[in-house]
Amino acid sequence: MSLAIFDLDNTLLDGDSDYEWGHFLVDRKIVDGATYRAENERYYSEYKAGTLDIYDFLKFSLHPLATHPRVQLEQWREEFMQTRALAMITDVITDAARELVQKHREAGDTLLIITATNRFVTEPIARELGVESLLATDPEMRDGEFTGGVSGIPCFREGKVERLQAWLEQSGETLQGSTFYSDSHNDLPLLNLVDRPVAVNPDEELARVAADHDWPVLFLH
């Protein structure tokens, strides 16, 4: 039994849940369309380029959580799950991706999703995927409502390594025989840590690193 770690966006999902949540907010006129869409596109481009300031992005992306009651937010999230997110899960996850997760499940491996996208967006997605363990960026809460801030270390780049190491201590799991699947060069700190790094539909930089290190490359989408 080993640890099988999966990035979520553009790895198990052929799409980005944070990006889609932003479009959902625009479509529902919850945020100003022109301004929010432009910023969402800018941050997504910076993420792909490896230049994203995660705290600057989170200040932007978590702001809507702080400006609406949690009850209302959860109603919108349910609508998001029934439209955009569920479509990504049912229509976008390929048979190859499902078979990969199932292979590890049948082997008795511990399944873990680790993602930079915040827990409010990703928790129901992980649940739909049947993966119980999730490490995600945690929005800060006070008196049951979101503040717009971040609780703890964002689950991004080196932060994924720190969050995983803390989780390993708490869970008793180890990285012996571990596998990590990711599409992004932003995950190189964690890919370099596990026993078996696997590039999935890799971006240009990750494809180069994978070739240099003879890492397996999968195409699930």
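See the structure printed just above.
Residues numbered from 1 in each chain as written. Predicted model: local features only at pLDDT ≥ 70, side-chain atom pairs only at ≥ 80, totals over all residues. Heavy atoms only, no water.

Draft legend 1. Structural detail: the overall build of the chain. Broken down by element type, the chain carries ten helices and seven strands. Its C-alpha atoms give the chain a radius of gyration of 17 Å, within 12% of the compact-globule value 17 Å for 221 residues. For the chain, the spread of C-alpha atoms along the three principal axes comes to 45 × 35 × 30 Å. Burial status across the chain gives 51% buried among its 221 residues. Taking contacts inside the chain between residues at least 6 apart in sequence as the whole, the part at least 24 apart equals 58%. Computed over 20 positive and 40 negative side-chain charges, the inter-centroid distance for the chain is 4 Å. (Helix = DSSP H or I, 4+ residues; strand = E, 2+ residues; numbered from the N terminus. Rg over C-alpha atoms; globule rule 2.2 N^0.38 Å. Buried < 20%, exposed > 50% of the residue type's maximum accessible area, 1.4 Å probe, protein only. Contact = heavy atoms within 4.5 Å. Lys, Arg positive; Asp, Glu negative; His and termini not counted. Charge placed at Lys NZ, Arg CZ, Asp CG, Glu CD.)

Draft legend 2. Looking closely at helix H6 (residues 95–106). Taking 1.5 Å of rise per residue, twelve residues should cover 16 Å, and H6 covers 16 Å from first to last C-alpha, within 8% of that figure. Listing the buried residues of H6 in full gives Ala-97, Leu-100, Val-101 and His-104. Within H6, the buried residues cover an arc of 90° as seen down the axis, which keeps them to one side. Every exposed residue of H6 that faces more than 90 degrees away from the buried side is listed here: Asp-95, Glu-99 and Glu-106. Those residues of H6 that are buried are in contact with strand E1 (3–6), strand E2 (110–118), strand E5 (179–182) and strand E7 (217–218). Of the residues one or two after H6, Gly-108 is the one with positive phi, at around 85°. (Expected span 1.5 Å × (residues − 1). Arc of directions from axis to C-beta.)

Draft legend 3. Examining unusual backbone geometry more closely. In the Ramachandran plot, Asn-10 falls in the positive-phi region, its phi being about 65° despite a non-glycine side chain. Relative to the helices and strands, Asn-10 is located in the loop between E1 and helix H1 (17–27). With phi around 60°, Asp-214 is a residue other than glycine that occupies positive phi space. The topology assignment puts Asp-214 in the loop between helix H10 (204–213) and E7. Look at Asp-214 and you get exposed, because its relative accessible area is 67%.

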